[in-house]
Amino acid sequence: MQLRYAFRVYPDAGQRIALARAFGCVRVVFNDAVRAREEARKAGRPFPTAAGLSRKLITEAKRMVERAWLGEVSVVVLQQSLRDAETAYRNFFASLKGTRRGARVGAPRFKSRKDARQSIRFTANARWSITDSGRLNLPKIGAVKVKWSRTLPTIPTSVTVIKDAAGRYFASFVVDTEPAADQARMPETDRAVGIDLGLTHFAVLSDGTKIDSPRFLRRAEKKLKKAQRELSRKQKGSKNRDKARLKAARAHAKVADARREFHHQLSTKLISENQGIAVEDLSVAGLARTRLAKSVHDAGWSSFIGMLRYKAERYGRTLVVIGRFEPTSQTCSTCGVASACGAPVRPGAIPAQREETGSHGLPTQPRAA
């Protein structure tokens, strides 16, 4: 099972410049790949192959004067950018055919230097390493300081360096875990629990335990409004607007981090204490279109269920996701029949009264008289 472990990194001034250069080169190669595909589509030609794009957009481009700066970064991150473009088109075509699950995916768009998230990916053949002092040594960037919050279970296969909207840098490692070793570390139990997610309480367990909703967004709403108001008053393109945008992004990131930490702690606790877990599949997209949209997004049910799903698979637990149309609230807990004692869920048909039959348009002449 593949998992991601993310750690905060702190590059110095020179390393930040090198990372910005790498982000820019990756963005240019990705945009060149999208442009080449779009030009082939408009001309009615077949799409260029991945090998052809790599030769034209990387190998040959570095020999040109206007693209010579591509040689200042690792060639691996440029090749990974082409693979990202290939994956984006593959997902787009699969979404058009209906073979891809989930929401519809649009065609790949051109990346901008103003995008909130920038990233580069190093695979094993990039010869990156973790030094004895605990630094992350990246080719043509240097040894970057890492804040290790935990140890990696196995040797990672790749690392992605990310810069988020708040200006923070992260290193995301992909590791292959051993299911048998993970399950051996988890205590044995025969307990099972059902979870009812809500807004008044984040979760109500089948044993009667009520878990209050932290409401991270609601608690930080006043601070977020102030940061957004200050941002809207700054002149576009000014340095003060950039500072205000960074301040607002950091405030939002603080809320998101607190919510994610709450989800991780609760999901780990439930997984470690129970062998079986049942939870309802809520229609978050539908609830987000109601007047409770802000509270629904603040709860983050989808993220929490996703954590339960992959942790149950990792540690050998059983997760049962009940369909949203299952009449669980109308099912008798004793006999298991819909509604207590087997009574019908809906009343029988009632014949319409004489006055209710017929057309509901203009009255006929006899009735009008």
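Here the structure is a predicted model, which means the values were calculated and not measured. Each chain carries its own residue numbering, running from 1 in the written order of its sequence. Only residues with pLDDT of at least 70 get local features here, since the model is predicted, and only at 80 or more are side-chain atom pairs given and counted; chain-wide, interface and lining totals rely on the full set of residues. With hydrogens and water excluded, all non-hydrogen atoms of the structure serve as input to the side-chain values.

Student: What am I meant to see in the overall build of the chain here?
Tutor: For helices the rule is a DSSP run of H or I covering at least 4 residues; for strands it is a run of E covering at least 2, with both sets numbered from the N terminus onward. Of the regular secondary structure elements, the chain holds 11 helices and 12 strands. Residue contacts follow a heavy-atom distance rule, with two residues in contact if any of their heavy atoms lie within 4.5 Å. Sequence-distant contacts, at least 24 apart, represent 66% of the contacts inside the chain between residues at least 6 apart. Per-residue and other accessible areas follow the Shrake-Rupley method at a 1.4 Å probe size, with only the shown protein chains counted as cover for residues. For the chain, the computed accessible surface area is about 23600 Å², with 52% contributed by carbon and sulfur atoms.

Student: Is there a simple way to explain the sheet that holds strand β3 (residues 129–130) in this structure?
Tutor: Hydrogen bonds between backbone atoms are what pair the strands of a sheet, whose relative direction is either parallel or antiparallel. The pairing criterion for strands is at least two bridges between them, as found by DSSP. Judged by pairing direction, the sheet is antiparallel, and its seven strands sit side by side in the order β2-β6-β7-β1-β5-β4-β3 without closing on themselves. On the outer flanks of this sheet lie β2 (118–123) and β3, each paired with one strand and no other. As paired elements, β3 and strand β4 (residues 136–138) share two bridges and run antiparallel to each other. Pairing of Ile130 across the sheet is with Leu136, part of β4. The strands touched by helix α1 (residues 13–43) within the sheet are β1 (2–10), β2, β5 (142–147), β6 (158–163) and β7 (169–176), with β2 carrying the most contacts at an inclination of about 90°. To get an axis, a line is fitted to the C-alpha atoms, and for a helix only the part in contact is used. The angle between two axes follows their N-to-C directions and goes from 0 to 180 degrees.

Student: So what exactly am I meant to see when it comes to the pattern of salt bridges here?
Tutor: Proximity of charged atoms lets side chains of opposite charge pair with each other. Salt bridges, as used here, are contacts in which a Lys or Arg side-chain nitrogen is within 4 Å of a carboxyl oxygen on Asp or Glu. Counted under the stated rule, the structure contains 18 salt bridges. Taking the shortest distance from any N to any O, the salt bridge between Arg218 and Glu221 comes out at 3.8 Å. For the salt bridge of Lys294 with Glu221, the shortest nitrogen-to-oxygen distance reads 2.6 Å. Remark: Glu221 occurs in helix α6 (residues 221–233) and Lys294 occurs in helix α9 (residues 293–299); sequence separation between them is 73 residues. Think of it in three bands: with a 1.4 Å probe and only protein chains considered, a residue is buried below 20% of the maximum accessible area for its type, exposed above 50%, and partly exposed in between. Judged by its relative accessible area of 16%, Glu221 is buried. Put simply, Asp164, Arg168, Asp257 and Arg260 are held in one network by salt bridges that share partners.

Student: Is there a simple way to think about the packing of α1 against helix α3 (residues 75–97) in this case?
Tutor: Pairs of packed helices are described in terms of their axes, by the angle between the two and the distance that separates them. It is the contact of α1 with α3, at a shortest axis distance of 9 Å, that shows an interaxial angle of 40°. As the angle between them shows, α1 and α3 are arranged oblique. Relative to α3, α1 is oriented so that their crossing is right-handed. Each of Cys25, Val26, Val29, Phe30, Ala33, Val34, Arg37 and Glu38 in α1 lies in contact with α3, whose residues at this interface are Val77, Leu78, Ser81, Leu82, Asp84, Ala85, Glu86, Tyr89 and Phe93. Working definition: roughly parallel below 35 degrees, roughly antiparallel above 145 degrees, roughly perpendicular at 65 to 115 degrees, and oblique for all remaining angles. Handedness of a crossing follows from how the near helix is turned relative to the far one, being left-handed for an anticlockwise turn of less than a right angle and right-handed for a clockwise one.

Student: Would you mind going over the environment of Ile155 with me for this structure?
Tutor: Tracing the backbone shows Ile155 in the loop between β5 and β6. By relative accessible area, which is 73% here, Ile155 ends up exposed. The sequence separation of Ile155 and Val174 amounts to 19 residues, and the corresponding C-alpha distance is 8.8 Å.

Student: What is the right way to look at the pairing of strand β8 (residues 192–197) in this model?
Tutor: Note on strand geometry: in a regular strand, side chains alternate between the two faces of the sheet. Here β8 shows a buried face lined by Val193, Ile195 and Leu197 and an unburied face lined by Ala192, Gly194 and Asp196. Direction of pairing for β8 relative to strand β9 (residues 201–205): antiparallel, over a ladder of three bridges. Counterpart to Asp196 in the pairing with β9 is Val204. Remark: three residues form the turn of the hairpin made by β8 and β9, two consecutive strands paired antiparallel.

Student: Sorry if this is basic, but what is going on with the pairing of strand β11 (residues 276–280) here?
Tutor: Taken together, the four bridges between β8 and β11 define a ladder with parallel strand orientation. By the bridge assignment for β11, Ala192 is matched with Gly276. Bridge analysis of β11 against strand β12 (residues 318–322) gives five bridges, and the strand direction is parallel. Counterpart to Glu280 in the pairing with β12 is Ile322.

Student: Looking at this model, I keep getting lost on the packing of aromatic side chains. Mind explaining?
Tutor: Two descriptors summarise a pair of aromatic rings, namely the distance from one centre to the other and the angle between the planes of the rings. Two rings from Phe, Tyr or Trp (for Trp, the six-membered ring) form a pair when their centres are within 6.5 Å of each other. A pair whose planes differ by under 30 degrees is stacked, one over 60 is edge-to-face, and the rest are tilted. Across all of its chains, the model carries 11 aromatic pairs by this definition. Aromatic rings pair up to connect Phe7, Trp128, Trp148 and Phe173 into one cluster. The ring of Tyr89 carries Arg37 above its face, with NZ or CZ at 4.7 Å from the centroid. Charges are assigned to positions over rings by a cutoff of 6 Å between ring centre and Lys NZ or Arg CZ, combined with an angular limit of 35 degrees from the ring normal.

Student: Teacher, can you tell me more about the nonpolar core here?
Tutor: When a protein is soluble and globular, its nonpolar side chains tend to lie buried together. Residue types Ala, Val, Leu, Ile, Met, Phe, Trp, Tyr and Cys, when buried and joined through side-chain atoms within 4.5 Å, form a set referred to as a nonpolar core. Ranked by size, the top nonpolar core spans 42 residues in total, and within it Leu78, Ile120, Phe122 and Leu138 carry the most contacts. Sort the elements by how many residues they give to this core and α1 lands first, with 11 residues. Discounting residues that sit within four places of it in the chain, Ile120 has contacts with Leu19, Ala22, Phe23, Val26, Val77, Ile141, Val159, Thr160 and Val161.

Student: Teacher, can you tell me more about the sheet that holds β12 here?
Tutor: In space, the five strands of this open sheet follow the order β10-β9-β8-β11-β12, with mixed pairing throughout. Only two strands of the sheet have a single partner each, and these edge strands are β10 (210–212) and β12. Here the strands of the sheet are splayed against their neighbours by 20° on average, with no regard to which way each runs.

Student: Sorry if this is basic, but what is going on with a positive patch on the surface here?
Tutor: Residues qualify for a patch when their relative accessible area is over 30% and they have no salt bridge, like charges being joined within 9 Å and the nonpolar side chains of Val, Leu, Ile, Met, Phe, Trp and Tyr within 5 Å. Working convention for charge: Lys and Arg count positive, Asp and Glu count negative, and His plus the chain ends are omitted. The location of each charge is read from NZ of Lys, CZ of Arg, CG of Asp or CD of Glu. Together, Lys225, Lys226, Arg229 and Arg233 make up a positively charged patch on the protein surface. Here Arg233 is to be found in helix α6. For Arg233, a relative accessible area of 65% gives the class exposed.

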